[in-house]
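Chain residues, written in single-letter form:
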Amino acid sequence: MPEPVETHDPEGVDFGWVMQTTFVLSIVVGAPVVALVALASGVTLPTWGARAEFAIRVGAVVWLVTALAVYGYARRQQ
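Figured I'd write up the structure that's included with this text. All values reported here derive from a predicted model rather than from experimental measurement.

1. Focus on the overall build of the protein
For the protein, the count of helices and strands is two helices and zero strands. Rg of the C-alpha trace for the protein: 18 Å, well past the compact-globule value of 12 Å for 78 residues, more than 25% over. Judged by the C-alpha coordinates and their principal axes, the protein covers about 55 × 35 × 15 Å. When the accessible surface of the protein is summed, it comes to about 6400 Å², and 68% of that surface belongs to carbon and sulfur atoms. Of note, the protein has its 4 positive side-chain charges centred 23 Å away from the centre of its 6 negative side-chain charges.

2. So, the packing of helix α1 (residues 15-41) against helix α2 (residues 48-77)
Where α1 meets α2, the axes come as close as 7 Å, and the angle between the chain directions of the two elements is 140°. Classified by the angle their axes make, α1 and α2 are oblique. Crossing angle aside, the handedness with which α1 passes α2 is right-handed. Taken together, the residues of the contact of α1 with α2 break down into 18 nonpolar, seven polar and no charged.

3. Points about the packing of aromatic side chains
Enumeration over the complete set of coordinates arrives at two aromatic pairs. Judged by centre distance (6.1 Å) and plane angle (10°), the rings of Phe15 and Tyr71 are stacked. Of this pair, Phe15 sits in helix α1 while Tyr71 sits in helix α2, and the two are 56 residues apart along the sequence. Between Trp17 and Tyr73, the ring centres sit 6.1 Å apart and the planes meet at 35°, which makes this aromatic pair tilted. One end of the pair, Trp17, is in helix α1; the other, Tyr73, is in helix α2, with 56 residues separating them in the sequence. Here the guanidinium or amino end of Arg51 rests over the ring plane of Trp48, the centre of that ring lying 4.7 Å away.

4. What to know about a nonpolar patch on the surface
A cluster of nonpolar side chains, Phe23, Val24, Leu25, Ile27, Val28 and Val29, forms an exposed patch at the surface whose accessible area comes to about 540 Å². As for its placement among the helices and strands, Val29 is situated in helix α1. The partly exposed category is assigned to Val29, whose relative accessible area is 39%.

5. Examining the environment of Met19
As for its position among the elements, Met19 is in helix α1. Between the C-alpha atoms of Met19 and Tyr71, which are 52 residues apart in sequence, the distance is 8.9 Å.

Parameters at a glance
Residues numbered from 1 in each chain as written. Predicted model: local features only at pLDDT ≥ 70, side-chain atom pairs only at ≥ 80, totals over all residues. Heavy atoms only, no water. Helix = DSSP H or I, 4+ residues; strand = E, 2+ residues; numbered from the N terminus. Rg over C-alpha atoms; globule rule 2.2 N^0.38 Å. Areas by Shrake-Rupley, 256 points an atom, 1.4 Å probe, with all protein chains shown as cover. Lys, Arg positive; Asp, Glu negative; His and termini not counted. Charge placed at Lys NZ, Arg CZ, Asp CG, Glu CD. Axes fitted to C-alpha atoms, helices over the stretch in contact; angles between N-to-C directions. Parallel < 35°, antiparallel > 145°, perpendicular 65-115°, else oblique. Left-handed = near helix turned anticlockwise from the far one by under 90°. Nonpolar A, V, L, I, M, F, W, Y, C, P; charged D, E, K, R; others polar. Phe/Tyr/Trp six-rings, centres within 6.5 Å; stacked < 30°, edge-to-face > 60°. Lys NZ or Arg CZ within 6 Å of the ring centre and 35° of its normal. Patch = residues over 30% accessible without salt bridge, like charges linked within 9 Å, V, L, I, M, F, W, Y side chains within 5 Å. Salt bridge = Lys/Arg side-chain N within 4 Å of Asp/Glu carboxyl O. Buried < 20%, exposed > 50% of the residue type's maximum accessible area, 1.4 Å probe, protein only.

In short, shape yes, function no, at least from these values alone.
Here is the structure:
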C-alpha cells in the first residue's frame, strides 16, 4: 500500500502555484509575443545567436509581467 500523499493549506499566497502558473503562461503567451515583436519591430536577426539574444530580452519582460500579474491575481483571490 503506498504512503498517503500529504497536503497542505498555505496561509497567504501559494507561491508554488504562482511559480508553476507563471512558467506555463510565460511559455504559452511568451512565444507568440516574441514572434510578433520580432516581426513588428523589423529587427534583422541573421544568426541563431542574435535570435536567442532577442528572445531572451523580450522573454524576460514577458516573464516579469506575467509573474506580477499571476501574483496579483493570487493575492486578490485569497
